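# Fold and contact review
Below, each chain spelled out in residue letters.
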Amino acid sequence: MSPPAASTIAANQAKTEQKIRTAFLPNWDQVPLEEMERQANKYPKQVVLEGASHRRWIALTFDDGPSNYTRRLLAILKQQQVPATFYMTAKSMEGREDLVKEVWQAGHELGNHSVNHPHLSELAERYWDEEIGPTQEKFRSIVGFAPNTMRPPYGEITDAQIEDLAKRGIKVVLWSIDTQDWNKNRMLFGAHKIERSIQDAIHEEAIVLMHDAGGRRENTLAAVEQLIPWLKAGGYEFVTVSQMLGLPAQPTPSPLQK
Ligand SMILES: [Zn+2]
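Because the structure is a prediction, the values reported are computed rather than measured.

About the cut-offs
Per chain, the residues get numbers from 1 upward, laid out in the order the sequence is written. The model is predicted, so local features are restricted to residues of pLDDT at least 70 and side-chain atom pairs to those at 80 or more, both for listing and for counting; the totals for chains, interfaces and linings are taken over all residues. Heavy atoms throughout the structure, all of them, feed into the side-chain values; hydrogens and water do not. Strands here are runs of E lasting at least two residues and helices are runs of H or I lasting at least four, both read from the DSSP assignment and numbered beginning at the N terminus. Working definition: with a 1.4 Å probe on protein chains only, accessible area under 20% of the residue-type maximum means buried, over 50% means exposed, and in between means partly exposed. Contacts are residue-level and defined by heavy atoms, with any inter-residue pair within 4.5 Å sufficient. Cavity means a closed set of points on a 1 Å grid over the protein atoms alone, one where a 1.4 Å probe fits but cannot get out, pocket means an open set with protein on both sides within 12 Å along at least 5 of 7 lines, and lining means a residue has an atom within 4 Å of a point. Grid points are joined across faces, edges and corners, and a volume is the space filled by probe spheres set on the points. Put simply, Ala, Val, Leu, Ile, Met, Phe, Trp, Tyr, Cys and Pro go in the nonpolar bin, Asp, Glu, Lys and Arg in the charged bin, and everything else, Gly too, in the polar bin. Angular values range over 0 to 180 degrees, each being the angle between N-to-C directions of two axes fitted as lines to C-alpha atoms, with helices fitted over their stretch in contact. Note that the term roughly parallel is reserved for angles under 35 degrees, roughly antiparallel for angles over 145, roughly perpendicular for angles of 65 to 115, and oblique for everything else. Water is absent from the atoms considered, so a metal site may look incomplete; donors are defined as N, O and S atoms within 2.8 Å of the metal, or 3.2 Å for Na, K and Ca. Here, a strand pair is defined by DSSP locating no fewer than two bridges between the strands. A crossover counts as right-handed when, viewed with the strands pointing away from the observer, the path leading from the first strand over the helix to the second turns clockwise. Definition of nonpolar core: a set of buried residues of the types Ala, Val, Leu, Ile, Met, Phe, Trp, Tyr and Cys, connected through side-chain atoms within 4.5 Å.

### Focus: the overall build of the chain
Each helix and strand counted, the chain has 10 helices and nine strands in total. Dimensions of the chain along its principal axes, counting C-alpha atoms only, are 45 × 40 × 40 Å. The 258 residues of the chain split such that 56% are buried. When contacts within the chain are restricted to residue pairs at least 6 apart in sequence, those whose partners lie at least 24 apart make up 78%.

Here's what the structure looks like:
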């Protein structure tokens, strides 16, 4: 497939709305796209689906890890010199603390994806004490700081929780392209399906949802490896979520921690 076509829109032109470019899959426990778009447009800069302007930037994000696939993913990203953002659960981090550190030391960004991957809306105000707060603490105990962005499992979060996170200085990061690599039916179609979901929906300042845990991830890894050169050929630059949103960068490892 030829690289993504050049844009006719100026890089600094602001977008007027946030939206998800990939289709909704019914019967998979997903939040309706309109609900995520409603929240992103109700809470600008606090709930994010994509970057706010038209720079030829893309943020790859990987959820649910770390896992036994993460080191292979790190090797691909290192080989291609591309940063990414990892939304980790505290449960996956347990026993893999060294791997969390490796992700950070390799220059990637860390984000909060809860402890147990629940439906946060069912927890109401307990969401912080039971899920998001302990995950911030887990990060602090491993790398010495806590992330400034979180991703709610399933994209499911209440307006009250969003407002509470805003007071705590934590942004809610959803996505504009869902590769649907989590979908068990799609796994049968292999890496090609994942590649096509990005190729068909690619746009400036895209935030791409993928996974490095929660099932077999060979297809995701293969798709990432194939797509990075295609995106680079189209002039896309890879950034972390913080870079995309203009947030303060996360602390970098000191020479002793490297
Ligand atoms: Zn998840």
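### So, empty space enclosed by the protein
In total, this model carries three cavities of 30 Å³ or more according to the counting rule given. Lining the largest cavity are 13 residues; nearest its centre among them are Ala23, Phe24, Gln30, Leu33 and Asp178. Partitioned by chemical class, the residues of the lining of the largest cavity number nine nonpolar, three polar and one charged.

### So, the packing of helix H2 (residues 70-80) against helix H9 (residues 218-233)
The description of two packed helices rests on the angle between their axes and on the distance between the axes. Running from amino to carboxyl end, H2 crosses H9 at an angle of 10°, the nearest separation of the two axes being 10 Å. Regarding the angle of H2 to H9, the classification is roughly parallel. Of the residues in H9, those touching H2 at Arg72, Leu73, Ile76, Leu77, Gln79 and Gln80 are Glu218, Leu221, Val224, Glu225, Ile228, Pro229 and Lys232. Along the lines of polarity and charge, the residues of the contact of H2 with H9 split into seven nonpolar, two polar and four charged.

### Examining the coordination of the zinc ion
Taken together, Asp64 (OD), His113 (NE2) and His117 (NE2) make up the protein donors of the zinc ion, found 2.1 Å from the metal. Here the donor residues of the zinc ion share one chain and are spaced in sequence as D-x48-H-x3-H. Taken together, the residues span a long stretch of sequence, with Asp64 in the loop between strand S2 (57-63) and H2 and His117 in the loop between strand S4 (109-112) and helix H5 (126-143) at a distance of 53 residues. For His117, a relative accessible area of 22% translates into the label partly exposed.

### Looking at the pairing of strand S3 (residues 85-88)
The side-chain alternation of S3 yields two buried faces, one formed by Thr85 and Tyr87 and the other by Phe86 and Met88. As paired strands, S2 and S3 are joined by three bridges and run parallel to one another. Within the sheet, the bridge partner assigned to Thr61 lies in S3 and is Thr85. Since S2 and S3 lie parallel, the crossover through H2 that links them has a hand, and here it is right-handed. Strand direction decides the pairing type here: S3 and S4, joined by four bridges, are parallel. Within S4, the residue paired with Phe86 across the bridge is Leu110.

### Focus on the environment of Val239
The residue Val239 is located in the loop between strand S9 (237-238) and helix H10 (241-245) in this model. With a relative accessible area of 0%, Val239 lands in the buried category. For Val239 and Glu37, which are 202 residues apart along the polypeptide, the C-alpha to C-alpha distance reads 22 Å. Every residue in contact with Val239, bar those within four places of it in the chain, is listed here: Trp57, Ile58, Ala59, Leu60, Pro83 and Met244.

### Section: the nonpolar core
Ranked by internal contacts, the top residues of the largest apolar core, which has 37 residues, are Ile58, Leu60, Phe62, Leu77, Phe86 and Leu110. Elements with a minimum of two residues in this core: S2, H2, S3, helix H4 (97-105), H5, helix H8 (191-201), strand S8 (206-211) and H9. It is H9 that provides the largest number of residues to this core, a total of six residues. Residues Tyr43, Leu123, Trp128 and Val172 belong to the second largest nonpolar core, which totals 22 residues.

### Remarks on unusual backbone geometry
In this structure, Pro66 follows Gly65 across a cis peptide bond, with omega equal to 0°. Following the sequence through the fold, Pro66 ends up in the loop between S2 and H2. One non-glycine residue with positive phi stands out, namely His117, at about 60°. In the Ramachandran plot, Gln180 falls in the positive-phi region, its phi being about 55° despite a non-glycine side chain.

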